[in-house]
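# Fold and geometry: a report
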Amino acid sequence: MGKVIRFPSDGGEEREEGREEGSRRLSQEEFLALVEPFRDGLKKLYPTQVEDILGIAGFGERNGKECFVMGVLIWQHQKQPGPIASTFLAVFVNDKLEKVSFLEAKNNYWDWRLMIETYQTRFNTKEMFKELQRLREEVLSGNLPT
């Protein structure tokens, strides 16, 4: 792991040395703008499984045309009666879903561990993953802030 340093020009956010300076945290509006492309992308990647997205909690970073997003997705399976909660990592390019990996899935197109390693030079993936684990606990326990 690289040395963690502060960059005062971006609000003092901690970042690993060597990570590109162009990445920044997504605003809530930017995150919400990715919900429809996420829904469309999931329906294309998993046409026999995903009926609809019922809810999402997450966060991400943007670096140029790429966004790296993590969160918890509540979705409806086409063949199961109740909603399903899935923890995910996703990469968007030009606001289009390019890669997604679910932590609970046995078979993924992309391995979430490899995604964290691969994108760590462009995004703060390891720190984001720690935040994802906290978010997952909050969502599954129902203790989300209102």
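Parameters at a glance
Residues numbered from 1 in each chain as written. Predicted model: local features only at pLDDT ≥ 70, side-chain atom pairs only at ≥ 80, totals over all residues. Heavy atoms only, no water. Helix = DSSP H or I, 4+ residues; strand = E, 2+ residues; numbered from the N terminus. Contact = heavy atoms within 4.5 Å. pLDDT = per-residue confidence, 0-100. 1 Å grid on protein atoms, 1.4 Å probe; cavity = no way out; pocket = protein on both sides within 12 Å on 5 of 7 lines; lining within 4 Å. Points joined across faces, edges and corners; volume = space filled by probe spheres on them. Nonpolar A, V, L, I, M, F, W, Y, C, P; charged D, E, K, R; others polar. Buried < 20%, exposed > 50% of the residue type's maximum accessible area, 1.4 Å probe, protein only. Pairing = 2+ DSSP bridges.

What follows covers the overall build of the protein. In terms of helices and strands, the protein carries four helices and seven strands. Taken from N to C terminus, the helices and strands of the protein fall in the order β-β-β-α-α-β-β-β-β-α-α. Within the protein, counting contacts between residues at least 6 apart in sequence, those at least 24 apart form 51% of the total.

We now examine the confidence of the model for the protein. Averaged over all residues, the pLDDT of the protein is 84; the fraction at 70 or higher stands at 83%. At the level of individual helices and strands, the protein shows its lowest average pLDDT in strand β1 (residues 4–7), which scores 33, and its highest in strand β7 (residues 96–102), which scores 95. Low pLDDT, under 50, characterises residues 1–20; the stretch is placed with 40 contacts to residues that sit more than four places away or in other chains.

Another aspect to go through is the layout of surface pockets. Estimates place the volume of the largest pocket at around 240 Å³. What lines the largest pocket is a set of 16 residues, and nearest its centre among them are Q49, W75, S86, F102 and A105. Secondary structure elements with two or more residues in the lining of the largest pocket: β5 (66–77) and β6 (83–93). At three residues, β5 tops the list of elements feeding residues into the lining of the largest pocket. Taken together, the residues of the lining of the largest pocket sort by class into eight nonpolar, six polar and two charged.

Below, the discussion takes up the environment of V69. Structurally, V69 is set in strand β5. Exposure remark for V69: the relative accessible area of 2% places this residue in the buried category. Spatially, the C-alpha atoms of V69 and F59 are 5.8 Å apart, while their sequence positions differ by ten residues. Those residues within four positions of V69 in sequence are excluded, and the remaining contacts are L26, F31, L34, F59, G60, F88, L89, A90 and F92.

It is worth spelling out the pairing of β5 at this point. The two faces of a sheet get side chains in turn, since along a regular strand they alternate between them. Extensive coverage of β5 is indicated by the burial of eleven of its twelve residues. Two strands pair when backbone bridges link them, and strand β4 (residues 50–63) and β5 are joined in this way by twelve bridges, in the antiparallel orientation. Across the sheet, the residue bridging to R62 is C67, located in β5. Counted along the chain from β4 to the antiparallel partner β5, the turn is two residues long, and its residue G64 has a positive phi close to 65 degrees. Alignment of β5 against β6, held across eleven bridges, turns out to be antiparallel. Looking at the pairing, V69 lines up with A90 of β6.

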